[in-house]
Amino acid sequence: MDRLSLDRLFVAVLETGSFIAASGRMGVSSGQASKMMSRLEADLGVQLIKRTTRALSATEIGQVYYERVKVLLEEREALDASIRQTSGAPSGRLRITAPMSFGAVQLVPALLAFAEQYPGISLDVSFSDRLADLVEEGFDLAVRIGRLSDSSLIVRKLCDARIVTVAAPTYITDRGAPQRPEELSQHTCIIDTNFRTPHNWSFHDKSSRQDIQVPVIGRIAFSNGEACLTAAERGLGIAYLPSFIAGPKIREGKLTTLLHNFEPAVLGIHALYPPARHLAAKVRALSDFFSDYFRNRAEWDEGW
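- Where an unreviewed UniProt entry is consulted, the protein appears under the name Transcriptional regulator, with the organism given as Gluconobacter sphaericus NBRC 12467.

Rendered as structure tokens:
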């Protein structure tokens, strides 16, 4: 194991606070991470980390070493990035995190096209609706939907995502269609718990230009938009979903859109990545590719 890898592991252990998290960042097992740390301490002849059953922390000399080696590693990464940019051939491993439904339905085709265009870049993609900490968990780029919390991350908008209110024709036949958002209280709703306020649906009245917040209830709640889509298609209630999920079923006539004069505010789909003195060529390549791929792209809103 080369010294550079040992130093990177040491930095990862201190920044994540555990061998398990550091091993995930480095792509090794936790057992191997522990052995690498022991190897580094043996090479230097000093103890860098204090280990207890509850926590890890740097020794006094370990803290000094961390502060110096961190700078050296950043300078090394900046040098690598500048050389790759000069060569015009981005390469290396890209770790990406993205929402599960959007990732599986819309992002996979974009990633496959990117992989074909950049054979020197390997992709390691995590589809999860959990908001990962990019810096702590070692991700190069994230795709996120909706309003973004303030952070130090660089944000690049890719495209818009509409939210639509839908139900199966059988549900509408049995229960009728609400004419105003307030009437949703008389209906069974299917709750997507991935939304920031899943039990309060937001609408914009196109006539009065007023925003409306409506509390909703339902006996089915999923933390997955595609599962909510399936429940709505079965006639089990009214769903509130991104159009990139619901669009195909609307075109097929299996779902009907409701409350046309009260469409929710449009959400943004964004690429986020940590700031750096020199943005790695591989991250810039992916960010630029996504921007071009999704620019004015709204096939999911067409045909209905």
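1. So, the nonpolar core
Phase 1: Among the nonpolar cores identified, the biggest contains 43 residues, and Leu-141, Phe-290 and Phe-294 are the most heavily contacted of them.
Phase 2: Beyond its immediate stretch of four places on either side in the chain, Leu-141 contacts Arg-95, Ile-96, Thr-97, Leu-134, Ala-271, Leu-272, Tyr-273, Val-283, Leu-286, Ser-287 and Phe-290.

2. A closer look at the pattern of salt bridges
Phase 1: As enumerated under the stated definition, the model contains 18 salt bridges in all.
Phase 2: One salt bridge in this structure joins Glu-41 and Arg-51, with 3.4 Å as the shortest N-O distance. Linking Glu-41 in helix α3 (residues 30-44) with Arg-51 in strand β1 (residues 49-51), this pair joins segments that are 10 residues apart in sequence.
Phase 3: What makes Glu-41 buried here is its relative accessible area of 11%.
Phase 4: Using a relative accessible area of 36% as the deciding quantity, one classes Arg-51 as partly exposed.
Phase 5: A salt bridge links Arg-130 to Glu-137; the shortest N-O distance between them is 3.0 Å.
Phase 6: Given a relative accessible area of 48%, Arg-130 falls into the partly exposed group.

3. Quick look at the confidence of the model for the protein
Phase 1: Mean pLDDT over the protein works out to 88, with 94% of the residues at or above the 70 mark.
Phase 2: The least confident element of the protein, judged by mean pLDDT, is helix α4 (residues 60-87) at 80; the most confident is strand β8 (residues 189-192) at 97.

4. Some remarks on the pairing of strand β4 (residues 121-127)
Here is the key point about a regular strand: its side chains alternate between the two faces of the sheet.
Phase 1: Looking at chain direction, strand β3 (residues 92-98) and β4 are connected through 7 bridges and run parallel. Across the sheet, residue Thr-97 finds its bridge partner in β4, namely Ser-126.
Phase 2: Handedness of the β3-helix α5 (residues 100-117)-β4 crossover: right-handed.

5. Overview of the sheet that holds strand β6 (residues 154-161)
Phase 1: Read from one edge of the open sheet, 5 strands run β4-β3-β5-β14-β6, paired in mixed fashion. Either end of the sheet is taken by a strand with one partner, and the two such strands are β4 and β6. The mean angle between the axes of side-by-side strands here comes to 20°, regardless of whether they run parallel or antiparallel.
Phase 2: Sheet contacts for helix α10 (residues 281-294): β3, β4, β5 (141-145), β6 and β14 (267-273); angle to β6, the most-contacted strand, approximately 20°.

6. Here we look at the sheet that holds strand β7 (residues 163-167)
Phase 1: In spatial order, the strands read β11-β8-β12-β7-β13; together these 5 strands make up an open sheet with mixed pairing. Two strands in the sheet have a free side with no partner beyond their single neighbour: β11 (220-222) and β13 (256-258). Taking each pair of neighbouring strands and ignoring which way they run, the sheet shows an average axis angle of 35°.
Phase 2: Most of the contacts of helix α8 (residues 225-233) go to β8, to which it runs at about 170°, and overall it touches β8, β11 and β12 (238-242).
Phase 3: Each of β7, β12 and β13 is contacted by helix α9 (residues 243-251), which is oriented at about 120° to β12, the strand it contacts most.

7. Side note on the packing of aromatic side chains
Phase 1: One pass over the structure, following the stated rule, counts 11 aromatic pairs.
Phase 2: On the numbers, 4.8 Å between centres and 35° between planes, the contact of Phe-114 with Tyr-118 is tilted. By the burial criterion, Phe-114 is buried, and Tyr-118 matches it.
Phase 3: Of the aromatic side chains, those joined through ring pairs into one cluster are Phe-102, Phe-114, Tyr-118, Phe-244, Phe-289, Phe-290, Tyr-293 and Phe-294.

8. Quick word on the environment of Ser-101
Phase 1: Assignment of secondary structure puts Ser-101 in helix α5.
Phase 2: Separated by 125 residues in sequence, Ser-101 and Glu-226 have C-alpha atoms that sit 6.6 Å apart.
Phase 3: Setting aside anything within four residues of it in sequence, one finds Ser-101 in contact with Gln-106, Asp-129, Asn-224, Gly-225, Glu-226, Phe-244 and Ile-245.

9. Observations regarding the environment of Ile-217
Phase 1: By secondary structure assignment, the location of Ile-217 is in the loop between β10 (211-215) and β11.
Phase 2: Between the C-alpha atom of Ile-217 and that of Cys-189, which follows or precedes it by 28 residues, the distance is 5.8 Å.
Phase 3: Apart from residues no more than four positions distant in its own chain, Ile-217 is found in contact with His-187, Thr-188, Cys-189 and Ile-191.

10. Details of helix α1 (residues 3-16)
Phase 1: The end-to-end C-alpha separation of α1 is 20 Å, in line with the 20 Å expected for 14 residues at 1.5 Å each.
Phase 2: If you check which residues of α1 are buried, you get Ser-5, Leu-6, Asp-7, Leu-9, Phe-10, Val-11, Ala-12, Val-13 and Thr-16.
Phase 3: One side-chain oxygen of the residue at the start of α1 lies 3.1 Å from the amide nitrogen of Leu-4, identifying that residue as Asp-2.
Phase 4: Count one or two residues on from α1 and you reach Gly-17, which has phi positive near 85°.

Parameters at a glance
Residue positions are counted from 1 within each chain, in the order its sequence is given. The model is predicted, so local features are restricted to residues of pLDDT at least 70 and side-chain atom pairs to those at 80 or more, both for listing and for counting; the totals for chains, interfaces and linings are taken over all residues. In computing side-chain values, all of the structure's heavy atoms are included and hydrogens and water are not. Nonpolar cores are built from buried Ala, Val, Leu, Ile, Met, Phe, Trp, Tyr and Cys residues. Side-chain atoms within 4.5 Å join them into one set. Partly exposed describes any residue whose relative accessible area lies between the buried limit of under 20% and the exposed limit of over 50%, with all areas from a 1.4 Å probe on protein chains only and scaled to the type maximum. Here a residue-residue contact requires only that any non-hydrogen atoms of the pair lie within 4.5 Å. For this document, the term salt bridge refers to a Lys or Arg side-chain nitrogen within 4 Å of an Asp or Glu carboxyl oxygen. A run of DSSP states H or I qualifies as a helix once it reaches four residues; a run of E qualifies as a strand once it reaches two. Both are numbered from the N-terminal end. Known as pLDDT, the predictor's confidence for each residue is given on a scale from 0 to 100. At least two bridges found by DSSP between two strands are what make those strands a pair. When the strands point away from the viewer and the path from the first strand over the helix to the second turns clockwise, the crossover is right-handed. Every axis in this analysis is a line fitted to C-alpha atoms, fitted for helices over the stretch in contact. Angles between the N-to-C directions lie between 0 and 180 degrees. Centres within 6.5 Å make a pair out of two Phe, Tyr or Trp rings, where for Trp the six-membered ring is used; the pair is then stacked when the planes are under 30 degrees apart, edge-to-face when over 60, and tilted otherwise. An expected span of 1.5 Å times one less than the residue number is assigned to each helix. Polar contacts here mean pairs of N or O atoms no more than 3.5 Å apart (in protein, one a potential hydrogen donor and the other a potential acceptor; neighbouring residues in sequence count only if both atoms are side-chain atoms).

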